[in-house]
Number of protein chains: 2
Amino acid sequence: MRYSQFYIPTKRDVAKQDSVNAYLLNKAGYITQIAAGAYALLPLAVRSIQKIEQIVREEMNAIGGSEVVFTALQPQETWEQSGRWDDPNFKQIVYLDPEAGMTFGATHEEPMTIAVKEKIQSYRDLPVVLYQFQTKFRKELRPKSGLLRGREFRMKDLYSFHPDEASHNEYYETVAAAYLKTFDRLGLDAYRVKASGGVFTEHISDEFQVVCPTGEDEILVDHQTKTGFNKEVEDQIPKTRHSKLERVRAIEVGNIFHNGTKYSEAFGLTYLSAEGSRHPVVMGSYGIGITRLLGTLAELYNDEHGLKLPVQVAPFDIHLIDLASEGKVGEELYQTLTQQGYEVLLDDREEAAGIKLVEADLIGAPVRVVHSHKTAQEGKVELKSRQTGQIELIPKEDLTSRIAKYLAK
Amino acid sequence: MRYSQFYIPTKRDVAKQDSVNAYLLNKAGYITQIAAGAYALLPLAVRSIQKIEQIVREEMNAIGGSEVVFTALQPQETWEQSGRWDDPNFKQIVYLDPEAGMTFGATHEEPMTIAVKEKIQSYRDLPVVLYQFQTKFRKELRPKSGLLRGREFRMKDLYSFHPDEASHNEYYETVAAAYLKTFDRLGLDAYRVKASGGVFTEHISDEFQVVCPTGEDEILVDHQTKTGFNKEVEDQIPKTRHSKLERVRAIEVGNIFHNGTKYSEAFGLTYLSAEGSRHPVVMGSYGIGITRLLGTLAELYNDEHGLKLPVQVAPFDIHLIDLASEGKVGEELYQTLTQQGYEVLLDDREEAAGIKLVEADLIGAPVRVVHSHKTAQEGKVELKSRQTGQIELIPKEDLTSRIAKYLAK
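## Describing the overall build of chain A
A tally of helices and strands in chain A yields twelve helices and 23 strands. Projected onto its principal axes, the C-alpha coordinates of chain A cover approximately 80 × 55 × 45 Å. Contacts in chain A between residues at least 24 apart in sequence constitute 69% of all its contacts with a sequence separation of at least 6.

Structure representation (structure tokens):
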């Protein structure tokens, strides 16, 4: 991509924000604020989010999920039928057009349960596993921390339907394992943390938390087993584990819930067993905050110069700057690297060298390649790793083989 | 994809619907209705929509667009500032949470104009071209015709910002050409139709219409030049063209608008010219109804047996049925065809042959491959083109070379 044809509104000065991710993603031109708790994703963020979603998609497909896209719009009456409309915790966060009688999807248990009724008749139709990447709306009273707690955010939510508790519980563990693998692929070291279900369920649920000093949650973790406990379940922590637990701050990036038959019974979702008797379907819900993942990565992968997202989620692989040949060598390297499948941002603007170099660090592509008068004299280019800061001068013809070691995903 | 692990709720009987697309997409398990004018996209539709969006994305990138994702949430006060809040045409279609003071994106001129202020300072920063795939909400009084007129739908909207009328008008023609190319790639024969801007602009605008007997628009078209006129501009049609025009029904799949400086002036979006004087930016808006495209394709590509979407947007390339070898040959062909890059739906269910064959026609993959006792005796498989209905028996080892001619995209 040529910088001159791509929209990157970096900023020299940004007002202090309430979080590192809001400050850096704004300054580096990834996002812009539309309203309190509502951020537009600009082109750099769109590229990162698409990569994050593709990794999550692959892992959800691998555990038998079928991708759907439900509507945000949900009739208010379906929330009354499930009993959630009378839950004050929900009522205060749900956007509603009272005249139209429509709510805006804060979560999707109701329409999913209603929808699968057209498929699930007998035990042979189970399990059903549906997931989506969807925009969620929640009227946060105190939206804060940039992409970490917003009023509108992108979420991957998966819903699973099973004949009984045993098969649900088995699948619940399958999802938990897939979640840990997903976060690991994204460059996040997630802990599985026991939690109460909050407003979602009366059953115990699990959260996936990433340890981060700026996180809003306070949890107790065991670093050896990568597990932990939410504050709300403290009284349930076995005494034998107390000595191994450390109190840390963390960001919740995913959660999984056991819904039992709450929604199946509300909407009459039953199936005929092999023995010919009718039973309510057992359901689970599983969420990953997609935009929050980008916020979390920004909180963890940065330094005083800007962002340094992991290669698998960075918007570009290579930031290419030609300061010496009126763009000729830059264009040549751009063609070569692009043809080899690398995603290259070529800074083809008429700007001062200092500005270009500072912006490369701010945006944070894993590799920066600079062709300057100094490197040109030796027939070399400068290669810098954003992660380590290490710089090396290498012959132009060795660039592509050398670059591969920095960009293994 | 194995059918048993994929969610396809086909239906034997579907109540009569108000449109062919609602009826067929519902019966074939592509969509399900959540509320009046709100349809969930099920896995088959998600696959088609992703292919449609990728074609649109490629064409928007080719004309210099940078992809963004803005929020649906927009502060009511920004609509008051642009003057659209007082337009009764808009007020009645916009979902609003009055308590939160937030509207739900019916269109995005306001936030786009406000956002680009952080980038556009001088003439050197122009043009700016942003586009997004976004969910739009419009409180249709009479939602109808399935995916053709809904309360919530997916849209590609592009916004362009220029220094003056001349450069805007030039880009407007660039987008018009890109739209015709996009629709052509999708298998749609679109006409460029002069129209009034309706509630969007006082300027003349263009619509892109696909001739379809079930369309809700009535337009006058010249089949030779592939152009036409909306009813609203009839009095502006040159007399010399009257004899060449035919009155037809059509579906509007895209539209492009000249906004002039309406939004720039409302939000103070100006730039410094090379001569050092300050001017308001000239803006254009360009929409394509993404979910409506799927509805339009379903209206046009079908027969009495079901859907037959073009190969470039069909959810799968090949529908594979093995009726003879307890799944052995089916599995073998599935592996071979998948490894060659084809998207194959293998019907691995325990269902009657008749049901499987009927469903293949209903879902409408471009190629159906059947291995049966009859074909097995000769070492052959049956290959059927969904588009032409033509059937041929070919040796198993010739399948992959033969199939390529049906699946050129």
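## A short note on the interface of chain A and chain B
With 41 residues of chain A at the contact, the number on the chain B side is 40 residues. Only strand 1 (31–35), strand 2 (38–41), helix 2 (43–62), strand 3 (66–67), strand 4 (73–75), strand 5 (96–97), helix 5 (109–116) and strand 7 (128–137) of chain A provide two or more residues apiece to the side of chain A that touches chain B. Residues that form the side of chain A that touches chain B fall into these classes: 26 nonpolar, seven polar and eight charged.

## A word on the relation of the copies chain A and chain B
If you rotate chain A by 180 degrees and push it 0.0 Å along the axis, it lands on chain B with an RMSD of 0.0 Å. In short, the pair behaves as if placed about a two-fold rotation axis. Within chain A, D97 of chain A has its C-alpha nearest the rotation axis, a separation of 2.8 Å.

## Concerning the sheet that holds strand 5 (residues 96–97) of chain B
Residues and elements named next belong to chain B. If you trace the three strands from one edge of the open sheet to the other, you get 4-6-5, paired in antiparallel fashion. Each of the sheet's edge strands pairs with one partner strand only, and the pair in question is strand 4 (73–75) and strand 5. Here strand 4 runs beside strand 6 (residues 102–104); their pairing, made up of three bridges, is antiparallel. In the sheet register, L73 faces strand 6, and the bridge partner there is F104.

## So, the pairing of strand 11 (residues 217–222) of chain A
Residues and elements named next belong to chain A. Where strand 11 meets strand 13 (residues 246–260), five bridges bridge the pair, whose relative direction is antiparallel. Residue pairing for strand 13: I219 is matched across the bridge by V248. In this structure, strand 11 lies alongside strand 12 (residues 227–230), joined through four bridges in antiparallel fashion. Paired with D222 across the two strands is T227, which belongs to strand 12. If you look at the hairpin formed by strand 11 and strand 12, you'll find four residues sitting between the two strands, and K226 has a positive phi there, around 55 degrees.

## Notes on the sheet that holds strand 5 of chain A
In space, the three strands of this open sheet follow the order 4-6-5 (chain A), with antiparallel pairing throughout. The sheet is open, and its two edges are formed by strand 4 and strand 5 of chain A, each paired on a single side.

## Section: the confidence of the model for chain A
In this model, chain A carries a mean pLDDT of 94, and residues with pLDDT of at least 70 account for 98%. As a predicted assembly, this complex carries a pTM of 0.97 together with an ipTM value of 0.96.

## Focus: the packing of helix 1 (residues 20–27) of chain A against helix 8 (residues 290–300) of chain A
Residue and element names in this part refer to chain A. For the pair helix 1 and helix 8, the least separation of the axes is 8 Å and the interaxial angle reads 95 degrees. Classed by the angle they form, the pair helix 1 and helix 8 counts as roughly perpendicular. On the side of helix 1, the interface is formed by V20, N21, L24 and L25, while helix 8 contributes G295, A298 and E299. Of the residues contributing to the contact of helix 1 with helix 8, the split by class is four nonpolar, two polar and one charged.

## Considerations on helix 2 (residues 43–62) of chain B
All names here are of chain B. For helix 2, which comprises 20 residues, the first-to-last C-alpha distance of 29 Å matches the rise-based estimate of 28 Å (1.5 Å per residue) to within 8%. Listed in full, the buried residues belonging to helix 2 are P43, L44, A45, R47, S48, I49, K51, I52, V56, E59 and M60. One or two steps after helix 2, the chain reaches G64, where phi turns positive at roughly 85 degrees.

## Structural notes on the packing of helix 2 of chain A against helix 6 (residues 165–185) of chain A
All names here are of chain A. Remark: helix 2 packs on helix 6, axes separated minimally by 10 Å, with the N-to-C direction vectors making an angle of 155 degrees. The angle between the axes of helix 2 and helix 6 places the two elements in the roughly antiparallel class. Helix 2 and helix 6 meet at a crossing whose hand is right-handed. Residues I55, V56, E59 and A62 of helix 2 touch helix 6, and the partners they reach there are A178, K181, T182 and R185. For the contact of helix 2 with helix 6, the class distribution of residues is four nonpolar, one polar and three charged.

## A few points about the nonpolar core
Counting 228 residues, the largest nonpolar core has A40 of chain A together with A40 of chain B as the members making the most contacts within it. Apart from the residues within four sequence positions on either side, A40 of chain A is in contact with I31, T32 and I34 of chain A together with V68, V69, F70, T71, P111 and A115 of chain B.

## Focus: the environment of F208 of chain A
Residues and elements named next belong to chain A. In this fold, F208 is placed in strand 10 (residues 204–211). Taking the C-beta count within 10 Å as the criterion, F208 has 24 such neighbours and is therefore assigned buried. Each C-alpha atom of the pair F208 and D87 lies 25 Å from the other, and the pair is 121 residues apart in sequence.

## Here we look at the environment of E173 of chain B
With respect to the element layout, E173 of chain B can be found in helix 6 (residues 165–185). Taking the C-alpha atoms as reference points, E173 of chain B and I256 of chain B, 83 residues apart in sequence, are found 9.8 Å from one another.

Scoring rules and cut-offs
- Residues numbered from 1 in each chain as written.
- Chains lettered and ligands numbered in written order.
- Predicted model: local features only at pLDDT ≥ 70, side-chain atom pairs only at ≥ 80, totals over all residues.
- Helix = DSSP H or I, 4+ residues; strand = E, 2+ residues; numbered from the N terminus.
- Contact = placed C-beta atoms within 7 Å.
- Nonpolar A, V, L, I, M, F, W, Y, C, P; charged D, E, K, R; others polar.
- Least-squares fit on C-alpha atoms with pLDDT ≥ 70 in both.
- Pairing = 2+ DSSP bridges.
- pLDDT = per-residue confidence, 0-100.
- Axes fitted to C-alpha atoms, helices over the stretch in contact; angles between N-to-C directions.
- Parallel < 35°, antiparallel > 145°, perpendicular 65-115°, else oblique.
- Expected span 1.5 Å × (residues − 1).
- Buried ≥ 20, exposed ≤ 12 C-beta atoms within 10 Å, placed from the backbone.
- Left-handed = near helix turned anticlockwise from the far one by under 90°.
- Core = buried A, V, L, I, M, F, W, Y, C linked by C-beta atoms within 7 Å.

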